[in-house]
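Chain by chain, the residues run as shown.
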Amino acid sequence: MKTPIQHISLIGCLTVLTAAVSLLGCGASLPSENPDEDWRYDGAAGPAHWGRLHPQFHSCLSGEGQSPISIDRALPQALPQIRFRYAASKAKIKYDGRLVRLEVPDGGEVVVARRHFALREVLLHSPSEHRLRGQSYPLEVQLVHEGPERTLFVISVFVDHGAERPELDWLWSNLPDAERPQRETTSAVNFDSLLPNERRGYRYAGSLTTPPCDEPVSWLIVEQPIFVSPDRIDRFTERYPPSQRPLQPAQNRPVLTDVAPRASLTPSPRRGRAL
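Residues numbered from 1 in each chain as written. Predicted model: local features only at pLDDT ≥ 70, side-chain atom pairs only at ≥ 80, totals over all residues. Heavy atoms only, no water.

### A closer look at the pairing of strand β10 (residues 152-161)
Put simply, the test is: Accessibility here uses a 1.4 Å probe with only protein chains present; expressed as a share of the type maximum, an area under 20% marks a residue as buried, one over 50% as exposed, and anything in between as partly exposed. For helices the rule is a DSSP run of H or I covering at least 4 residues; for strands it is a run of E covering at least 2, with both sets numbered from the N terminus onward. One bridge is not enough; two strands pair if DSSP finds at least two bridges between them.
Of all 10 residues in β10, 8 are buried, a share of seventy percent or more. Where strand β9 (residues 139-146) lies against β10, 8 bridges are found, and the strand directions are antiparallel. Note that in β10 the partner of Glu 146 across the bridge is Leu 152. Remark: 5 residues form the turn of the hairpin made by β9 and β10, two consecutive strands paired antiparallel; Glu 149 in that turn has positive phi of roughly 55°.

Below, the structure written as structure tokens:
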């Protein structure tokens, strides 16, 4: 015969179990062991809810320096030169149901102020996440670099409609699809092909634009876009759904630039430091 305490405990367990089953029956789901699998770009797991999906994603909700932002003002300043030392390397190109990602095992590095940042991956977002002078672009390429003590430096390049860019044929011919969600380039590729010749731009301190939305991340938003044919862009956007985090509050963060001032870009009222 069960004691009253045992009886109450059993009822409590059954109540909790029933509630859990009811939640699952209503469409809710328990977090997976790998939190990176839980987020999406729409619905109940979309950007507005990222910060509540998992404790590791709390910065998506509470971070004070989140990305992307709209760059509407900048402070002209002499900035440390970036030396590009990319190496030809094969790349694995994956689509995980959210965005296209290139894994780069040995793609070289960039050097900024004597600090070395190795190229780790390339992300393709559509439409662009950042805006420049209020303008959005069809695609944004983000080259993610890792430096000392796991610091991150991301170089972002806009992609716009224009003439064909033959040096990017390796990318378009290896885009993954439902039948082959992972592809690998057959030969080593040059990642300089993802960048324009003129690489001046806008630097600011932000975050990752995908969970866990870690801060800080040093960003360079390149002023000059690269151009590809409208057909290439249409095929990309037809194959993959949007992968864009909404703009985040700039919070008066300083944006520094080595680009000549333009009338359409207001000077930043604050001085700051950037890579």
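Resuming the write-up.
### Notes on the state of the cysteines
Under the convention used in this document: Note on terminology: pairs of cysteine sulfur atoms within 2.5 Å are recorded as disulfides.
Tallied over the entire structure, the rule returns 1 disulfide. In this model, Cys 60 is linked to Cys 213 through a disulfide, with the two sulfur atoms separated by 2.1 Å. Note on the Cys 60 and Cys 213 pair: the S-S dihedral is about 90°, so by sign convention the disulfide is right-handed. Of this pair, Cys 60 sits in helix α3 (residues 59-62) while Cys 213 sits in the loop between β12 (201-206) and β13 (217-222); the two residues are 153 residues apart in sequence, bridging distant segments of the chain.

### Describing empty space enclosed by the protein
Short version of the rule: A 1.4 Å probe that fits but cannot get out identifies a cavity on a 1 Å grid over protein atoms alone, an open set with protein on both sides within 12 Å along at least five of seven lines counts as a pocket, and a residue lines either if it has an atom within 4 Å of a point. Grid points are joined across faces, edges and corners, and a volume is the space filled by probe spheres set on the points.
As enumerated under the stated definition, the model contains 1 cavity of 30 Å³ or more in all. Of the volumes computed, that of the largest cavity is approximately 60 Å³. Leu 124, Leu 139, Glu 140, Val 141, Val 159, Leu 168, Leu 171, Trp 172, Leu 194, Ile 226 and Val 228 together form the lining of the largest cavity. Mapped onto the lining of the largest cavity, the elements with two or more residues apiece are β9, α4 (169-172) and β14 (226-228).

### Side note on the confidence of the model for the protein chain
The line we're drawing: Confidence of the predictor at the level of single residues is given by pLDDT, which spans 0 to 100. Contact criterion: two residues are considered in contact whenever any of their non-hydrogen atoms come within 4.5 Å of each other.
Per-residue confidence for the protein chain averages 86 on the pLDDT scale, and 83% of its residues sit at or above 70. Counting interchain partners and residues more than four positions distant, the pLDDT-below-50 stretch residues 1-31 has 7 contacts.

### Examining the packing of aromatic side chains
The test is simple: Centres within 6.5 Å are what make two rings of Phe, Tyr or Trp a pair, Trp counting through its six-membered ring; a difference in plane orientation under 30 degrees is then read as stacked, over 60 as edge-to-face, and the rest as tilted. Any Lys NZ or Arg CZ that is within 6 Å of a ring centre and within 35 degrees of that ring's normal is treated as a charge sitting over the ring.
In total, this model carries 10 aromatic pairs according to the counting rule given. Ring centres 6.1 Å apart and planes at 80° place the aromatic pair Trp 170 and Phe 191 in the edge-to-face group. On the criterion of sequence distance, the pair formed by Trp 170 in helix α4 and Phe 191 in the loop between β11 (182-184) and β12 is long-range, its members being 21 residues apart. An identical accessibility class is assigned to Trp 170 and Phe 191; each is buried. One Lys or Arg, Arg 199, reaches over the ring of Phe 84 and ends 4.6 Å from the middle of that ring.

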